[in-house]
Amino acid sequence: MQNFLDTEIKFLKGVGEARSKLLSSEIGVATFRDLLYYFPFRHIDRSRFYSIAELEGSDLPAIQIKGRFISFRVEGEGVRKRLVGVFSDGKRMIETVWFSKVKEMSSLYKPGVEYVIFGKPVAFHNSYSIAHPEVEIFNPEKPPTGFRGVYSLTDAMRKKGLSTRVLQSLADNLLKHPRFNTIPETLPAEIVSRYKLMPLQEALRQMHFPEDIRSLQLATERLKFEELFYVEAHILRYSMERSSKLPGFYFRKIGENFNGFYFNVLPFKLTGAQKRVLKEIRADMKTGRQMNRLLQGDVGSGKTMVAFMTMLMAVDNGFQSALMAPTEILATQHYATIKEWAHPLGIKVALLTGSTRSRERKDIHEGLLSGEIKIIIGTHALIEDTVQFKSLGLAVIDEQHRFGVAQRARMWSKSKIAPHVLVMTATPIPRTLAMTVYGDLEVSVIDELPPGRKPVTTLLRYDSNRMEVDRLIVSQLREGRQVYIVYPLISENEKLDLKSLEEGYKRTCETFPSYKVCFVHGKMKPEEKDHQMDLFVNGEARIMVATTVIEVGVNVPNASVMVIENAERFGLSQLHQLRGRVGRGADQSYCILMSKAKAGADTKKRLAIMTETTDGFLISEADMKIRGPGDMEGTQQSGLAFNLRVANLARDGQILTRARETALAVLRGNPSLLAPGCAPTEAKPEDMPPIILAENDLGIIRCELATRFAKSVDWSLIS
Ligand code: ADP
Ligand code: MG
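Anyway, here's the lowdown on the structure attached to this text. If you're wondering where the values come from, they're calculated on a predicted model, not measured in any experiment.

Position of T353 among the secondary structure elements: in the loop between strand 12 (349-352) and helix 13 (358-370). Apart from residues lying up to four places away in sequence, T353 is in contact with E328, A331, R361, T379 and A381.

Laid out in structure tokens, this is it:
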């Protein structure tokens, strides 16, 4: 007999051919499983009347309250005009608000009459209010209609009469199906009982037709836990498998290069955090297993020095190192820095990018093969097949989020035994993301800036403050400093973008006629772009007007002003990155966020976070809460794609931590689960949260992923 969950949806009572086509083409519901897991996006509770006191401190769905209107008043003007009604359940009061039809509404309801209002209560200034509630006269004869889900629908479904009500009845048919109770539990029994989780069948039932709020919460929690448990189990299994199987190079000693540099060349004192991270790296190098470490550190925290000193460990043990940067400019800057540090030690460093001449390229290839070149710095050019090493022991990857997992993996495949991998990123990654998207990496954090840095003064300004901003720019230019002016890119309309950028350039040239202005954007030819960048880096141009191409890692310590136009268009993490381009010296720097005077309260609040803190972690947590984890830099660009159905990385940190600990315990306690392809439970692979894993299997990259999400993968990265 066919598995109940895999039964085609057309066999469900109430579906049939036509509806089954619509369900599968519109919302991807093709089987019983799909429908069961097509959870409501919100719920409405008409099972009983709530008292206003019950709202306190809880996050309720739409609910109904019985009572009387006490008074009405009109607030605001023009488009902000609204009608506020005070509604009492006999004990407490709640406000109801209407933004339209203000006049009609106020005469509609009579004080003294008993009404039922229905809607989602929202906390506001220590009390609750309901916007646009449904209102009807209380009818003691009318029975409560229950607690049920509201499903997201497409227009095509609505047109054909496939409404929320129909979906509710289909879900009901499914839950009442005689074989519903054959659905297997997907979590190990010990885990279910240990954490008192709601059993699967019950949870599915409660998701569609909750008995009460508490049951809905328990059902949601259970499903979130399960989802995160499998994400973590996958990642941990993968990394345990790798670390138990994959040998890494022993870096036995700390030798003369490391010590010589540390005692004689190092131009400053390492910060405590840099020392700690170097110790963590050193510990990895001694285990005989391959290191995979993510090094997080805010802009300017000194990651390059840590990378360089790790390279010295490699040199001391007879190995070569490679540093891969996402852009040519960055690679060139790294090269300049590292060559200077390496020179006194007599270590040969080379630079390989797309624009390296073929003659030179040949020399470099030879130098890498012979082992003469100890440190190679470059761009994607490094992962071309023609680049071969004598003994690559360490691969450092800067600004991680620009590279996919697969590209990382290609770097590893450069040697028979995978080199140690150090991935550096300046985008602080919220802890929850680090545990999932980057869950296969160990994490080190540089949480301390070198001494003497002045925090960048961040100001929020509007168009009406233009003169003041111009004055600040001029005063900094007169002191010999340099200025960035950045414009957003709104990809839907490139022409318009370019126009605002070009106008900005023109205005800048006119406003500051005695200073040279350079101009950079992503649509330029690379040579032209490099030329413009050079003008700024070497100080000839004092102002750079640009799009976010400068976001990543450009280092011009003399720059002291960062003006960001239309700042509301940027994510907080991106603003933080941009701000990191200034404040690299000991003098005071400024970041000016230009926004529209009319910006909404939300926008102002969001931008205000930037003026209040320079802590990248706080900012990225806030950013993730606002934008949701799916939009975070890193999730999309890392090449690691997964969609969470119920869990939310921004909100479910606690559940995630517990899920990770549990997964770890299960894997440790039962090593046989580590065998590839062996699911820890009865769950089928397609029940597992999808995740792509890239792995170096002695030079071969293997990618696993839950099959049904295959389409979300950019295969071109993996070939
Ligand atoms: P990021 O972490 O953003 O890559 P960098 O490695 O570019 O930061 O370092 C920023 C600047 O700080 C560089 O000029 C670097 O030489 C300097 N620096 C790094 N570590 C220290 C330190 N311990 N003390 C003083 N300056 C340092
Ligand atoms: Mg850097």
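For the rest of this paragraph, the subject is the sheet that holds strand 12. The strand order across the open sheet formed by seven strands is 12-13-11-14-15-10-16, and the pairing between neighbours is parallel. In this open sheet, the two strands that pair with only one neighbour each are strand 12 and strand 16 (442-446). Shown here is a sheet whose adjacent strand axes are inclined to one another by a mean of 20°, direction ignored. Across the sheet, helix 13 lies against strand 11 (320-324), strand 12 and strand 13 (375-378), angled at about 130° from strand 12, the strand it touches most.

Once that is clear, we can look at the pairing of strand 20 (residues 543-546). Of the two faces of strand 20, the one holding I543 and V545 and the one holding M544 and A546 are both buried throughout. Pairing of strand 19 (residues 517-520) with strand 20, which is carried by four bridges, proceeds in the parallel orientation. When the sheet's bridge partners are listed, V520 is paired in strand 20 with A546. The parallel pair strand 19 and strand 20 is bridged by helix 18 (residues 526-537), and the resulting crossover is right-handed.

A word on the packing of helix 19 (residues 572-579) against helix 20 (residues 601-612). Where helix 19 meets helix 20, the closest approach of the two axes is 11 Å, and the angle between their N-to-C directions is 35°. When you trace helix 19 past helix 20, the crossing you get is right-handed. When helix 19 is examined against helix 20, the residues L572, L575, H576 and R579 are found in contact with a partner set consisting of R606, L607, I609 and M610.

Looking now at the sheet that holds strand 19. On the basis of which strands lie adjacent, the open sheet formed by six strands has the order 17-22-21-18-20-19 and parallel pairing. Sheet topology places strand 17 (457-462) and strand 19 at the edges, where each strand pairs with a single neighbour. On average, adjacent strands in this sheet sit at an angle of 20° to one another, irrespective of strand direction. Of the strand pairs in this sheet, strand 17 and strand 22 (residues 590-595) are connected by six bridges, and their pairing is parallel. Its bridge partner lying in strand 22, R461 is registered against M594. Across the sheet, helix 16 (residues 466-478) touches strand 17, strand 18 (482-486), strand 20, strand 21 (559-564) and strand 22, and the angle it forms with strand 22 is around 155°.

Residues in close proximity to ligand 1 total 15 residues, the closest being K269, G300, K303, T304 and R453. At 2.9 Å, a side-chain N or O of Q274 approaches a nitrogen atom of ligand 1. Out of a free accessible area of 570 Å², ligand 1 has 80% covered by protein chains. Residue composition of the shell around ligand 1, grouped by class: four nonpolar, six polar and five charged.

For the rest of this paragraph, the subject is unusual backbone geometry. Unlike most non-glycine residues, H132 shows phi in positive territory, near 45°. Locating H132 in the fold gives a position in the loop between strand 7 (127-131) and strand 8 (134-137). One non-glycine residue, K196, lies in the positive phi region at around 50°. Here K196 lies in the loop between helix 6 (189-194) and helix 7 (200-208).

Let us now look at the side chain of Q290. With respect to the helices and strands, Q290 occurs in the loop between helix 10 (272-285) and strand 10 (292-297). Given the relative accessible area of 8%, Q290 is considered buried. Within polar-contact distance, the side chain of Q290 engages the side chain of N292 at 3.1 Å. Here P419 takes part through its backbone oxygen, which lies 3.0 Å from a polar atom of the side chain of Q290.

With that settled, consider the packing of aromatic side chains. Pairs of aromatic rings are described using the distance from one ring centre to the other and the angle between the two planes. Within the structure shown, the criterion is met by 22 aromatic pairs. Three or more aromatic residues joined by ring pairs make a cluster, and in this case those are F69, F72, F87, W98, Y109 and Y115. The ring of Y250 is capped by R252, whose NZ or CZ atom sits 4.6 Å from the centre of that ring. R658 extends its terminal NZ or CZ atom over the ring of Y195, reaching a point 4.9 Å from the ring centre.

Definitions and cut-offs
Residues numbered from 1 in each chain as written. Chains lettered and ligands numbered in written order. Predicted model: local features only at pLDDT ≥ 70, side-chain atom pairs only at ≥ 80, totals over all residues. Heavy atoms only, no water. Helix = DSSP H or I, 4+ residues; strand = E, 2+ residues; numbered from the N terminus. Contact = heavy atoms within 4.5 Å. Pairing = 2+ DSSP bridges. Axes fitted to C-alpha atoms, helices over the stretch in contact; angles between N-to-C directions. Buried < 20%, exposed > 50% of the residue type's maximum accessible area, 1.4 Å probe, protein only. Right-handed = clockwise from strand over helix to strand, strands pointing away. Left-handed = near helix turned anticlockwise from the far one by under 90°. Near = heavy atom within 4 Å. Polar contact = N/O pair within 3.5 Å; in protein donor to acceptor, adjacent residues only side chain to side chain. Areas by Shrake-Rupley, 256 points an atom, 1.4 Å probe, with all protein chains shown as cover. Nonpolar A, V, L, I, M, F, W, Y, C, P; charged D, E, K, R; others polar. Phe/Tyr/Trp six-rings, centres within 6.5 Å; stacked < 30°, edge-to-face > 60°. Lys NZ or Arg CZ within 6 Å of the ring centre and 35° of its normal.

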